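Report on the structure
Given next are the chains, with one letter for each unit.
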2 protein chains.
Amino acid sequence: MEMNIALLPGDGIGPEVIDQAVKVVKAIGQKFGHKITFTEAVVGAAAIDATGEPYPDSTHEIAAASDAVLFGAIGDPKYDNDPKAKVRPEQGLLLMRQKLGLFANVRPTFTFPSLVHKSPLKLDRVDGVDFVFFRELTGGIYFGEPRGRNEQGTKAFDTNVYSKHEIVRLARMGFEAAQKRRKLLTCVDKANVMATSRLWRETVQELAPEYPDVKVEYEFVDAVAMRLIQWPKAYDVLITENLFGDILTDEASVISGSMGLMPSASLGTSIKLFEPIHGSYPQAAGKDIANPLATVLSAAMMFDYAFDLKEEAQLISDVVNLSLDEGYVTEDIADGGTSYKTSEVGDWLAAKILA
Amino acid sequence: MEMNIALLPGDGIGPEVIDQAVKVVKAIGQKFGHKITFTEAVVGAAAIDATGEPYPDSTHEIAAASDAVLFGAIGDPKYDNDPKAKVRPEQGLLLMRQKLGLFANVRPTFTFPSLVHKSPLKLDRVDGVDFVFFRELTGGIYFGEPRGRNEQGTKAFDTNVYSKHEIVRLARMGFEAAQKRRKLLTCVDKANVMATSRLWRETVQELAPEYPDVKVEYEFVDAVAMRLIQWPKAYDVLITENLFGDILTDEASVISGSMGLMPSASLGTSIKLFEPIHGSYPQAAGKDIANPLATVLSAAMMFDYAFDLKEEAQLISDVVNLSLDEGYVTEDIADGGTSYKTSEVGDWLAAKILA
Ligand SMILES: [Mg+2]
Ligand SMILES: [Mg+2]
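Scoring rules and cut-offs
- Every chain is numbered independently, its residues counted from 1 as its sequence is written.
- Chain letters start at A and ligand numbers start at 1, both assigned in the order the entries are written.
- It should be noted that, the model being predicted, local features are given only for residues of pLDDT at least 70 and side-chain atom pairs only at 80 or more, the latter also being counted only at that level, while totals for whole chains, interfaces and linings use all residues.
- Excluded from the side-chain calculation are hydrogens and water; included are all heavy atoms of the structure.
- Secondary structure is summarised from DSSP: a helix means a run of H or I of at least four residues, a strand means a run of E of at least two, and numbering begins at the N terminus for each.
- In protein, a polar contact requires one atom able to donate a hydrogen and another able to accept it; more generally it is a pair of N or O atoms within 3.5 Å, and residues adjacent in sequence count only if both atoms are side-chain atoms.
- Contacts are residue-level and defined by heavy atoms, with any inter-residue pair within 4.5 Å sufficient.
- Only strands that DSSP links by at least two bridges are regarded as paired with each other.
- For helices, the axis comes from a line fit to the C-alpha atoms of the stretch in contact; other axes are also lines fit to C-alpha atoms, and the angle between any two N-to-C directions lies between 0 and 180 degrees.
- Crossovers are marked right-handed if the path from the first strand over the helix to the second runs clockwise, as seen with the strands pointing away from the viewer.
- UniProt positions are given in the numbering used here, feature names are shortened, and annotations may be inferred rather than shown by experiment.
- Sites may look incomplete, because water is not among the atoms used; the donor set itself consists of N, O and S atoms within 2.8 Å of the metal (3.2 Å for Na, K and Ca).
- Using a 1.4 Å probe, buried area is obtained as the accessible area two parts lose upon being combined, added over both of them.
- We define a salt bridge as a contact between a side-chain nitrogen of Lys or Arg and a carboxyl oxygen of Asp or Glu at a distance within 4 Å.
- Remark: exposure states derive from per-residue accessible area (1.4 Å probe, protein chains only) relative to the maximum for the residue type, with buried under 20%, exposed over 50%, and partly exposed in between.

Below, the discussion takes up the side chain of H34 of chain B. All names here are of chain B. Mapped onto the elements of the fold, H34 is located in the loop between helix 1 (14-32) and strand 2 (35-40). Of note is the side chain of H34, whose polar atom sits 2.7 Å from the side chain of E312. Excluding anything up to four places from it in sequence, H34 contacts M1, M3, I28, G29, L309 and E312.

What follows is about the sheet that holds strand 12 (residues 272-276) of chain B. Residues and elements named next belong to chain B. Across the sheet, which stays open at both edges, the ten strands sit in the order 2-1-3-12-11-4-5-10-8-9 with mixed pairing between neighbours. Each of the sheet's edge strands pairs with one partner strand only, and the pair in question is strand 2 and strand 9 (215-220). Strand-to-strand twist across the sheet, computed as the mean angle between neighbouring axes with direction ignored, equals 25 degrees. Looking at chain direction, strand 8 (residues 184-189) and strand 10 (residues 237-240) are connected through four bridges and run parallel. Its bridge partner lying in strand 10, L185 is registered against V237. Across the sheet, helix 8 (residues 195-207) touches strand 5 (130-136), strand 8, strand 9 and strand 10, and the angle it forms with strand 9 is around 170 degrees. The sheet strands contacting helix 9 (residues 221-230) are strand 5, strand 8, strand 9 and strand 10, and the helix crosses strand 9 at an angle near 100 degrees.

Moving on to the pairing of strand 2 (residues 35-40) of chain A. Consecutive side chains of a regular strand alternate in pointing toward one face of the sheet and then the other. Residues and elements named next belong to chain A. Bridge analysis of strand 1 (residues 2-10) against strand 2 gives six bridges, and the strand direction is parallel. Bridging from a neighbouring strand, L7 pairs with E40 of strand 2. Assessed by its sense of winding, the connection that carries the chain from strand 1 through helix 1 (residues 14-32) to strand 2 is right-handed.

Take the UniProt feature "domain: Isopropylmalate dehydrogenase-like" (unreviewed entry) in chain A next. In the numbering adopted here, UniProt assigns the feature "domain: Isopropylmalate dehydrogenase-like" (unreviewed entry) to residues 4-349 of chain A. Helix makes up 41% of residues 4-349 of chain A and strand makes up 20%, while its end C-alpha atoms are separated by 22 Å.

Further remarks concern the sheet that holds strand 7 (residues 155-163) of chain A. Spatially, the four strands line up as an open sheet ordered 6(A)-7(A)-7(B)-6(B), and their pairing is antiparallel. Both outer strands of the open sheet, strand 6 (148-149) of chain A together with strand 6 (148-149) of chain B, are each paired with one neighbouring strand and no more. Pairing analysis gives two bridges linking strand 6 of chain B to strand 7 (residues 155-163) of chain B, with the strands arranged antiparallel. Looking at strand 7 of chain B, one finds that R149 of chain B is bridged to A156 of chain B. Sitting on the sheet, helix 8 (residues 195-207) of chain A touches strand 7 of chain A together with strand 6 and strand 7 of chain B, and the angle it makes with strand 7 of chain B is about 155 degrees.

Attention shifts here to the coordination of the magnesium ion (ligand 2). Summarising the metal site, the magnesium ion (ligand 2) is bound by the protein donors D222 of chain A (OD), D246 of chain B (O), D246 of chain B (OD) and D250 of chain B (OD), whose distances to it range over 1.9 to 2.7 Å. Here D222 of chain A is found in helix 9 (residues 221-230), whereas its partner D250 of chain B is found in helix 10 (residues 242-255) on a different chain.

Turning to the interface of chain A and chain B, a few remarks are in order. With 49 residues of chain A in contact, the opposing surface of chain B contributes 49 residues. Around 4100 Å² of area is buried between chain A and chain B when both sides are counted, 62% of it from carbon and sulfur atoms. At the boundary of chain A with chain B, the tally comes to four salt bridges. Note that E202 of chain B is salt-bridged to R149 of chain A, the shortest N-O span being 2.9 Å. Counting only elements with at least two residues in the side of chain A that touches chain B, the list comes to strand 6, strand 7, helix 8, helix 9 and helix 10 (242-253) of chain A. Among the elements that take part in the side of chain A that touches chain B, strand 7 of chain A stands out by supplying nine residues, more than any other. Direction of pairing for strand 7 of chain A relative to strand 7 of chain B: antiparallel, over a ladder of nine bridges. From the neighbouring strand, T159 of chain A faces strand 7 of chain B, where its bridge partner is T159 of chain B.

Our next topic: the pattern of salt bridges. All names here are of chain A. Under the definition given, this model contains 42 salt bridges over all chains. A salt bridge links D189 to R201; the shortest N-O distance between them is 2.9 Å. Within this pair, whereas D189 is found in strand 8 (residues 184-189), its partner R201 is found in helix 8, the two being separated by twelve residues in sequence. Considered together, D189 and R201 belong to a single accessibility category, that of buried residues. A salt bridge links K190 to D222, with the shortest nitrogen-to-oxygen separation between them at 3.0 Å. You can see K190 sitting in the loop between strand 8 and helix 8 and its partner D222 sitting in helix 9, a full 32 residues away along the chain. You can call D222 buried: its relative accessible area is 8%. Connected through salt bridges with shared partners, the residues D130, R181, R182 and D236 form a single ionic network.

Take a look at the structure:
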């Protein structure tokens, strides 16, 4: 297959971890005979430094023309501490999502056999957990109008708003993902009290007959907040609105015990972007110590979600687990034992893929 | 002290568990020399059967004239399965909250030494956890207008709205509770994106100087959803709006491993109501098998929150823990061992108080 991949390393440890993902992707390309082209572009503080804009048009053109985007992280403390800064790196993230039309945030939760003991949950509750959230990312109460204050400033309001087409496109992604997984879809809402939630539930109910192989369950957001802790293995694919997803995906991220290793995807109608859920970690930048596994696993998600290449995705996941089992890891998860540089871990993973 | 307590047993197991709480409260009154008067009134399905209304005026008058209300549970399946039913028992709950002006829901989370092993969390994370949520109960997105659909029905909206005075009265309760506890208050919001949350944060910041002995922290709702699982012992008192509280109090309820034993309070400007968080459990009604401990612990909360009688509250909590340690419990938590009737547990607790 031919693949045209845009690389947006961003700030902090972004460039270092993206480098390792590139090594892994190249190794996969070599092993499976894919022709992969990489095109790099700036975003975030790096882009402000270079062009004055956090998400310049030149970067957008490269991302929009790609088959998939591999993104590192955004954020540089020099802008946080500068009250005069007119543009901030984080604006690049919002602009990028907006301009690329990335309306679905995909957040898997799974465990690593050799790290699951770090979970705050008991082993029998969490071992083998494997679910994925599809969170609506561009609608809901974070964007709805009107929002603000009354004249006296004594009353504030936000508007949660959803149109049917926004729900349909997100829900279809969830149904399709469920078809390729364990065929269980959970629609998370608060339909007993919220009008938007009733539209979500009604819309999902209308779509369900088109996916007869998928079992659909409807649960209230507060019940899911409980059951994610009690019985996380009961879930497969969950779909939800922006605010509920913001809360629940973060809750979900800690149950594996390996939040720093979790990948994610943001999907639009045509564009697909993959990124670690961790940030730019500026204190570690340039030291060759950052853990590249979340970004490497984001590349695995790319093969799965952007190219439907399960075998390639699985092989990356397998070598990542091998590196954990054999302790070929960066210092953050070495538990005081022997640790390796960011670049050494990338080389090791690429070599194992080709071995 | 003279205490005038309204008893609203409600439906299902409500009457049985309230009976045990009354035994315990009477024993406390006898031991500490309080003159306690009980006045009983109907609510829920029991009230519909008797008067046609789920929260009749006669009941409201008794509750409104009391120093504290002990409430059991509401709900009867015969109304769930009757589509022609014009009034439903659950309406009694909403009416009661509304008419009594109960704007704060108080939800403690703590562990029982002999039951903490049932927590889904690892022992070192959860053992000794002790925090309490103050959730705003009558405002926010569940009540805000406008709400509904556009003409075509293709777009839905809800409005989250908060007035400063609603935040002030809830926040003051939180500050005052923190002063009597470990002096840490966490304001839970989403002030980085929501206008209502910015008003919450700003209002709490304005009040903070009046409580110089309380340390105030501000955390985003998604961060709290994570930290409740990772480091629940870090919290003392948390205050938050209605929707966030709905989600987070349910998440919090499962971490102790003893959800069925958790008490709660709903507080207004003058009225204070205490109730178990469990429901009416109609399958068990009349069998003398229901676990009365959540209701008994709600009575402990009553002595603490309604009468500021810490010693009385602590003694109830102590005898409850004693019953757990000695296995004098109902069958739901007997783990297949010897179990006792609801009424026997109540008698045992009252006897231990007087012993
Ligand atoms: Mg979040
Ligand atoms: Mg709830």
